[in-house]
Amino acid sequence: MGRRPSIDRAELVRLVAEGRTVRELAEHFGVSESGVLQAKRAAGVAKPQLDHSGAIPWKVAREHSQSGPATNLRNLSAIAQGSPPPQVKVNTALRWAQRLVDAGLDVRYDPVEGFAEVPVGADGSHVGRLLNRAREALG
């Protein structure tokens, strides 16, 4: 029985600073990607997880989690939290949200039907509030 692969913390920190991907790190150290993620957390070099619960306050069914509205809401949330996705995704999310706001629409979620565009309710626009927070974060 051979020795279990291990991850040298100092080397991990150096390689992460170089911009190596989780996959590259896993191959380098001979461990799983999950092992790399655990080691990054232990070494304090993991990116903090973003909390999208304010942007997506519903329990979203798996089949709807990668839909356009869910993706745009997550991207707006990431922007608002100061961790924007690639620029093309930022542009897409901002355009989507602005289109809804301009049309007086918001989104609702139903676990069976998925996301739908609906007129803004009495409590105001969820998408509009999220769009405002994202724009503030962008400066």
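Everything below is about the structure printed above this text.
For the structure given in this document, a descriptive report is provided here. The shown structure was predicted, so the numbers you read here are calculated from the model rather than taken from an experiment. (Residues numbered from 1 in each chain as written. Predicted model: local features only at pLDDT ≥ 70, side-chain atom pairs only at ≥ 80, totals over all residues. Heavy atoms only, no water.)

**Section: helix 4 (residues 68-80)**
Then step 1. Given a rise of 1.5 Å per residue, 13 residues ought to cover 18 Å, and the 18 Å separating the end C-alpha atoms of helix 4 matches this to within 8%.
Then step 2. Of the positions making up helix 4, those classed as buried are A70, N72, L73, N75, L76, S77, A78 and I79.
Then step 3. Looking at the buried side of helix 4, the elements it contacts are helix 5 (87-102), strand 1 (105-110), strand 2 (114-119) and helix 6 (126-138).
Then step 4. Taken from the residues just after helix 4, G82 is the one with a positive phi, measuring 80°. (Helix = DSSP H or I, 4+ residues; strand = E, 2+ residues; numbered from the N terminus. Expected span 1.5 Å × (residues − 1). Buried < 20%, exposed > 50% of the residue type's maximum accessible area, 1.4 Å probe, protein only. Contact = heavy atoms within 4.5 Å.)

**Overview of the side chain of D106**
Then step 1. Locating D106 in the fold gives a position in strand 1.
Then step 2. One buried charged side chain, D106, makes no salt bridge at all; its nearest oppositely charged neighbour is R129, positioned 5.6 Å away.
Then step 3. Only 3.0 Å separates the side chain of D106 from the backbone nitrogen of V127, close enough to count as a polar contact. (Lys, Arg positive; Asp, Glu negative; His and termini not counted. Salt bridge = Lys/Arg side-chain N within 4 Å of Asp/Glu carboxyl O. Polar contact = N/O pair within 3.5 Å; in protein donor to acceptor, adjacent residues only side chain to side chain.)

**Considering the pattern of salt bridges**
Then step 1. In this structure the tally under the stated criterion is 5 salt bridges.
Then step 2. Measuring nitrogen to oxygen at the nearest pair gives 3.4 Å for the salt bridge that ties R20 to E18.
Then step 3. A relative accessible area of 34% means that R20 is categorised as partly exposed.
Then step 4. One salt bridge connects E33 with R23, and the closest N-O pair in it is separated by 3.5 Å. Taken together, the positions of E33 in helix 3 (residues 33-43) and R23 in helix 2 (residues 22-29) put the pair 10 residues apart, joining distant regions of the chain.
Then step 5. The exposure class assigned to E33 is partly exposed, which follows from its relative accessible area of 36%.
Then step 6. Each of E11, R14, E18 and R20 takes part in one network of salt bridges that share partners.

**Quick look at the nonpolar core**
Buried together is how nonpolar side chains tend to be arranged in soluble globular proteins.
Then step 1. Residues L73, L76, L94, W96, A97, V107 and V127 are the most contacted members of the largest nonpolar core, which totals 20 residues.
Then step 2. Elements with a minimum of two residues in this core: helix 4, helix 5, strand 1 and helix 6.
Then step 3. It is helix 5 that provides the largest number of residues to this core, a total of 6 residues.
Then step 4. Setting aside anything within four residues of it in sequence, one finds W96 in contact with P69, N72, L73, L76, V107, E117 and V127.
Then step 5. Formed by 8 residues, the second largest nonpolar core is a distinct cluster that contains L12, L15, L25 and F29. (Core = buried A, V, L, I, M, F, W, Y, C linked by side-chain atoms within 4.5 Å.)

**Brief notes about the packing of aromatic side chains**
Aromatic rings in a pair are described by how distant their centres are and how their planes are angled relative to each other.
Then step 1. The full count for this structure, using the stated rule, is 3 aromatic pairs.
Then step 2. With a centroid separation of 6.2 Å and 40° between ring planes, the pair formed by W58 and Y109 is classed as tilted. One end of the pair, W58, is in the loop between helix 3 and helix 4; the other, Y109, is in strand 1, with 51 residues separating them in the sequence.
Then step 3. Judged by relative accessible area, Y109 falls into the buried class, the value being 10%.
Then step 4. Ring centres of W58 and F115 lie 5.7 Å apart, and the angle between their planes is 80°; this geometry places the pair in the edge-to-face category. In this pair, W58 sits in the loop between helix 3 and helix 4 while F115 sits in strand 2, placing the two residues 57 residues apart along the sequence. (Phe/Tyr/Trp six-rings, centres within 6.5 Å; stacked < 30°, edge-to-face > 60°.)

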